[in-house]
Each structure stands twice: as structure tokens, then as C-alpha cells.
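# Observations on the model geometry
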Amino acid sequence: MPPRPKTNAGRRSAPGSAWLEAAIRVPIAAADRVGALLIAAGSQGVITGVRELAHGARRRTHETVRGFFPSREPARARLAVSTALAQARDTGVRRAAVRWRELDASLWEMDWREHFRPVRAGRRLVVVPPWDRDDHGGRTRVVIHPGMAFGTGQHATTLASLEALEALASPPPARALDIGTGTGVLAIALAKLGVQEVVALDLDPQAVSAARGNVRRNAVAGRVQLVCRSLAEAVPAPPAGRGFPLVVANLYVDALVELAPAIAKRVVPGGRLVTSGVLRSQQARVRSAYAAPAWRLLSAQRRGGWVTSVFQRLPAPRPARPGTRGATPAAAPRAPRGAAPRRRARPRNR
Ligand SMILES: C[S@@+](CC[C@H](N)C(=O)[O-])C[C@H]1O[C@@H](n2cnc3c(N)ncnc32)[C@H](O)[C@@H]1O
């Protein structure tokens, strides 16, 4: 069976522009680390899992890791990659050669067609390309054509988000919010899991256009509302105590930290937030941005070098009554109507 490549979503470039691809061949054991280095250097997605036989060898020992950069700033991309590699601890990674090439729209299309295989997520979902006709054991199909956006559901962060959403949408809440929708994969999965109203937003017009096609392909246009705007513009802060019972944000650490106050205003007390797109080394920043008194961490799932977390929104502490010391501690939150049931409070796999 061919190795399953893992792709990650998230890119930003002018409409019609090409991608710049950096391909780095490294020992298999170093592939995830190199993928993480490429993301840290500004790659908007990575593909790993393309394993190769060295000349005369019987076992596959190496893997080519590929990162994608908007082609409008080639010098900056090259400098960022060479700086990131130079700082690696592993000598093999430090000395690894980088092959660069431009990918125009048709090459990109050929490339993802070659790599996109159906991916089973959780117990009920399968993400498939449009030409796939298999039944996949009766799983719910999420059909994705990535267009010029990343996000075919194959990267650890998307897969782990899908798994978390599947668990949290059982039973499904009435509404959900997907911040950084990319190809729309998570928003479509939410609608197919039974969420009646999904708001999905992205800053990138090409991502929203790819998502629009996918929403139609999956016949969920009546349930998924797509918006090419920032969170603040797309979803006005609701009155206190109102908002979404379920929010997912598979972004990157800086955006998650920056958006923390705005997200807190848009999740109902007792509601759940799934964060992903976070490297292990960055998880501490996410935990401190989503901490008490507003949040409680319910679970943190590691997959490859990535961490996907589920947080619970806590109610605001009650104001202090005269004659008492400080605020009354917040009562244990009750799950909002239609929200997912509470999960165990101890973080997993950290
Ligand atoms: C890693 S991709 C996730 C795509 C998809 N949700 C998935 O799970 O595969 C991140 C997406 O977030 C978008 N994005 C980045 N920062 C954002 C922000 N502050 N607000 C909204 N979208 C953002 C990017 O354009 C990109 O499409």
C-alpha cells in the first residue's frame, strides 16, 4: 500500500498565484520534526509520508517532507527555511538539502490528486476526494476538493479535530462555529454530524471559494454559512451567556492566542472549544491563553508533533456579596441545551 501522506491546511496568497514548494529528504524518524520546522518557517502546509528506498536498500529509510509557501516572497521563504534548518539539533536535518520548485495551479491539482486518499476519522466519518465511490463501511462521507487551498483532512491536526468534533457532536448541538475553515472540511463534517447551523469563516478568499464548492458538493449549503471575514466582523459578540455551544479553531498558535478574548465572548458557558494546529512546544502558550477563570482544559490529544485540545467555557464568577471575601466561586457549569455532554476533566496524553 502506498504510504499515506499527511497534509495540512492553511495558506494565504493572492488569487491566481502559485506556490513555492520546499522538498527535503530526511530519515523517517526526523520527518515530523522537519514538518514542524517548515511550519515554524512560515510554510502554510506540509506533506509528509512520501517514503523512499535509498539506492540498493531493501527498507524505506527516508521520507520527503514538503512545505508550501506563497510564491510572492521567495527570498523570504528560502531564508526562513535555511535559518530554521540551521538551528536544528539534529546534524542530518541541519545538512539536509532543500529542493525548491514553483507549483502553478495545474501542478498543484496534479499533486493533490496523486496524494489524496480517503481518510477515516473517528468512528463515523471518512474524508474522500470527489472521484471516490467506495462505501467505506457505511461511514458518513465528507467530500473534499481542495481547489487552491490546503486541507484534505489528512493532516494530524485536521484528523484530531474531526475526532474531537465527532465526540462532542454526539448528540449534536444546535449551532457551531468553525474559525479558519480552509476547505470547509470541519464545517461540513459538523453539518453531517447533525449540527443544524454552522458558521464557517476564513480570512483567505481562495479558502472560502474552495469551501463553497465543497459545501455544495456535500449538499449542506442550507446548514453551513461561509464568511470571508475576521471573527470580530463575521460574528458580533452576543450578549453575555449567549453564543455557540461548540467552536473549533484549527489555526496556528499566534492566531489562537490573539483570538482568545474574542472566542471567549462567543462560546456559551459550558460550551466546548476545540483548538488545533499547535505544536507540542507551543501548547503551553495555548493553555495559558485558555485558562481559568474563563476556561478549563478537558483533554489534550497528541498526534505526531501536534496537540489538539478540548476546552470548556466556564461561567463568569459571581460578583462578591457585601460581607463576603472576594467573588463566589463559579458553580460547575451546566451543559447548555443541545451542547455535547461533559467529558472527563483530566487531560489525556499530555
Ligand atoms: C490549518 S488551516 C485549517 C483548515 C481546516 N479547518 C482543517 O482543519 O483542515 C487554517 C485556516 O485558517 C485560516 N486562518 C488563519 N488565521 C485566521 C484568522 N485569524 N481568522 C480566520 N481564519 C484564519 C487560514 O487561511 C487557513 O485556511
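Let me sum up the structure you'll find in this document. (Residues numbered from 1 in each chain as written. Predicted model: local features only at pLDDT ≥ 70, side-chain atom pairs only at ≥ 80, totals over all residues.)

## Describing the overall build of the chain
- When helices and strands are counted, the chain shows 10 helices and 15 strands.
- The proportion of buried residues among the 350 residues of the chain is 47%. (Helix = DSSP H or I, 4+ residues; strand = E, 2+ residues; numbered from the N terminus. Buried ≥ 20, exposed ≤ 12 C-beta atoms within 10 Å, placed from the backbone.)

## Brief notes about the sheet that holds strand 7 (residues 125-128)
- Spatially, 6-7-8 is the arrangement adopted by the three strands of the open sheet, whose pairing is mixed. The sheet is open, and its two edges are formed by strand 6 (119-121) and strand 8 (140-143), each paired on a single side. The sheet shows a mean angle of 30° between the axes of neighbouring strands, taken without regard to direction.
- Pairing between strand 7 and strand 8: four bridges, direction parallel. (Pairing = 2+ DSSP bridges. Axes fitted to C-alpha atoms, helices over the stretch in contact; angles between N-to-C directions.)

## Some details on the sheet that holds strand 12 (residues 244-250)
- The seven strands are arranged 11-10-9-12-13-15-14 in an open sheet whose pairing can be described as mixed. Across the chains shown, the open sheet's two edge strands, defined by having one partner strand only, are strand 11 (224-227) and strand 14 (295-303). Strand-to-strand, the axes of this sheet are offset by a mean angle of 15°, without reference to chain direction.
- The pairing of strand 13 (residues 267-279) with strand 15 (residues 306-313) spans six bridges and is antiparallel. Directly across from L273, in strand 15, lies its bridge partner F311.
- Strand contacts of helix 9 (residues 253-266): strand 9 (175-179), strand 12, strand 13 and strand 15, with the helix running at about 175° to strand 13, the strand carrying the most contacts. (Contact = placed C-beta atoms within 7 Å.)

## Things to note about the pairing of strand 5 (residues 98-103)
- The buried count for strand 5 comes to zero of six residues, which makes it a mostly uncovered element.
- Pairing analysis gives six bridges linking strand 2 (residues 19-27) to strand 5, with the strands arranged antiparallel. When the sheet's bridge partners are listed, I24 is paired in strand 5 with V98.

## Section: the packing of helix 5 (residues 156-168) against helix 6 (residues 185-192)
- The interhelical angle for the contact between helix 5 and helix 6, taken along N-to-C directions, is 20°, at an axis separation of 10 Å. Classified by the angle their axes make, helix 5 and helix 6 are roughly parallel. Handedness of the helix 5/helix 6 crossing: right-handed. Residues T158, S161, L162 and L165 of helix 5 form the contact with helix 6, whose participating residues are V185, L186, A189 and L190.
- Taken together, the residues of the contact of helix 5 with helix 6 break down into six nonpolar, two polar and no charged. (Parallel < 35°, antiparallel > 145°, perpendicular 65-115°, else oblique. Left-handed = near helix turned anticlockwise from the far one by under 90°. Nonpolar A, V, L, I, M, F, W, Y, C, P; charged D, E, K, R; others polar.)

## Overview of the environment of S209
- For S209, the location among the structural elements is in helix 7 (residues 205-217).
- The partly exposed category is assigned to S209, around which 17 C-beta atoms lie within 10 Å.
- The spatial distance from the C-alpha of S209 to the C-alpha of G184 is 9.6 Å, given a sequence separation of 25 residues.

## Looking at helix 1 (residues 31-40)
- Of all 10 residues in helix 1, eight are buried; the element is thus mostly enclosed.
- Taken residue by residue, helix 1 has A31, D32, V34, G35, A36, L37, L38 and I39 as its buried positions.
- Positive backbone phi, approximately 110°, marks G42, located one or two places after helix 1.

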